[in-house]
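What follows is each chain in one-letter form.
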Amino acid sequence: MSGARRLWLQIHRWLGLSGGLVLVVVGLSGSFLAFYPEIDGALNPDWVRTQPRGSPLPMQLVLDSARQAMPQRFLHSVFPAADAHEVHHVWFTPSAEDQSAMWQVLVDPYTAKVLGSRAAVPTMEFTRRNIVNTIYTLHFQLFAGDIGATVVGFAGLVLLASGLSGVVLWWPRGRSFRAGLTMKAGSRGIRLNYDLHRVAGIYSVAALVVVAFTGVYLTFPGYVVPLVRVATTVASSPKLDPLPPAEGAAIDADGALSRATTLVVGGARVTCLWLPGASGPAWRVTLRSPQGVGWAGGPANVWLHPLGGAVLASRVHSQGSAGDTFIAWQLPLHGGTAFGLVGRVLVCLLGFVPLLMAITGAAIRWRKRRGRRAHSTVRLRANHGSL
C-alpha cells in the first residue's frame, strides 16, 4: 500500500470513528421522517385526518379556536390543510420574541374543533401521539438543543469528507471500473464486508453528498448563503421594521390569505400563514406553485401590511436569481420531495447507508485486528520455539 493511500485510509477511518454514531442516528431518523406525514396519519388519524363536511370555515375562526387551547402562548403561524381530508396545523411559541420552542394545535377545518395539541420542537415524548415530533427533535438536535444542532451540522461536514475519501480509496488502480462496481461472487468474511462497504458506498455517495450538503445548509444557513453570494445574488428578507405608515382597518387571517392568493397566480397553494410578530411586523403568506422546484413546487412569499393589507414586499421563485433557485432547492432535496415519491423513497433508503457503513467498517477493522493478533501470536510462538 502506498503512503498516499495509507494516509487516505487513516483519514477515512478517523472520519468514521469521529462521526459514525451521530451519522447513524441522524440517518435512521431521517429515514423515518421521509414519510412522517403518512406515519403520523396512521398513528393519529383522529388528530390529523377529517371527513369533508361542506365548505371549510373562515381561517380566523380556526385561529380563534386554537388560541383558546393555548391562551398563554403566542400564536405564531398556521399550515393550512393541504387537501379536503387534512386538518389545519396551528403553531405557537412562548412569545413573539422567544421562538426557541413550538407547540402544535390540530384544528378541524369544517368545525373549528381542536382535535389535539402537543409539543413540537423540542420534545422527547415516545408516545403514539408525539413520536413524529420526537424523532424530528432527535434528527435536528439530538435532544441537546443548539449544541446538538451544531453537532448534527458538523456531522454533515464529516459525511462530505468521508464521501470524498471513500471515492479516493475506491478509485480503481490498474483494474477496470466494473470490478469496483460489483461484489465478488461467493465472497465471505472480511471480503464480504469489504465488498459491501465498497459497493454500497460508491453507489450511494452522490446522493449522500447531496443530503449531507443540504443538511449543512439547513443547520448553518448563515455561513452557506454568504458563500453562495460570492458567485451569484441571493435575495434577503425584506426590512419591514418599522412598518411604513398606512391607513385602513386591520386585516384578519382571511383578508391576508385572500389578498396573497390573488397576487400569486398559476394555481399556487398556501403552505403557511405567519401572523404579525412571527416573521416580522407584517402578515407573511408562503405559497407554492405547481411549477418550480421539481415536485415540491416553486416557493413564493408575500408580506402584507396589517392595516389595509397593502403589499409591502414579495419574493416569487420564478422571478428569483440563480442563487435564489439554488437555496430554494435545498430543503426539497434534503427530504426528497423535489422528486416526489421516488425521491422520498431514495432518502428513506439512504438513511440506512451510514448504519451499513458503520457495521461493515467495524467488521473489517475487527477482523484485521484479529488477524494481526493471530499472526503476532504465531510469530511469537515460532520465535519462542527457536530458542
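Considering the pairing of strand β2 (residues 88–93)
Burial of β2 is extensive: six of the six residues sit out of reach of the surface. In β2, alternate side chains face the same way, and those of His 88, Val 90 and Phe 92 on one face and His 89, Trp 91 and Thr 93 on the other are all buried. Here strand β1 (residues 74–79) runs beside β2; their pairing, made up of five bridges, is antiparallel. Within β2, the position partnered with Phe 79 by the bridge is His 89. Two strands pair when backbone bridges link them, and β2 and strand β3 (residues 102–107) are joined in this way by five bridges, in the antiparallel orientation. Bridge assignment links Trp 91 to a residue of β3, and that residue is Gln 104.

Examining the environment of Pro 354
Position of Pro 354 relative to the elements: it lies in helix α13 (residues 353–386). Judged by its relative accessible area of 14%, Pro 354 is buried. Along the chain, Pro 354 and Val 224 lie 130 residues apart, while their C-alpha atoms are 24 Å from each other.

Observations concerning the environment of Asn 193
Positionally, Asn 193 belongs in helix α8 (residues 189–219). For the pair Asn 193 and Met 357, spaced 164 residues apart in sequence, the C-alpha to C-alpha distance is 9.3 Å. If sequence neighbours within four positions are ignored, Asn 193 has contacts with Thr 360, Ala 363, Ile 364 and Arg 367.

Section: α8
Side chains three or four residues apart in an α-helix point the same way, a direct result of the helix having 3.6 residues per turn. Given a rise of 1.5 Å per residue, 31 residues ought to cover 45 Å, yet the end C-alpha atoms of α8 are separated by just 39 Å, more than 12% below that figure. Maximal helix bending in α8 amounts to about 55°, located at Val 205.

Calculation rules
- Residues numbered from 1 in each chain as written.
- Predicted model: local features only at pLDDT ≥ 70, side-chain atom pairs only at ≥ 80, totals over all residues.
- Heavy atoms only, no water.
- Buried < 20%, exposed > 50% of the residue type's maximum accessible area, 1.4 Å probe, protein only.
- Helix = DSSP H or I, 4+ residues; strand = E, 2+ residues; numbered from the N terminus.
- Pairing = 2+ DSSP bridges.
- Contact = heavy atoms within 4.5 Å.
- Expected span 1.5 Å × (residues − 1).
- Bend = angle between axes of the 7 residues up to and from the residue.

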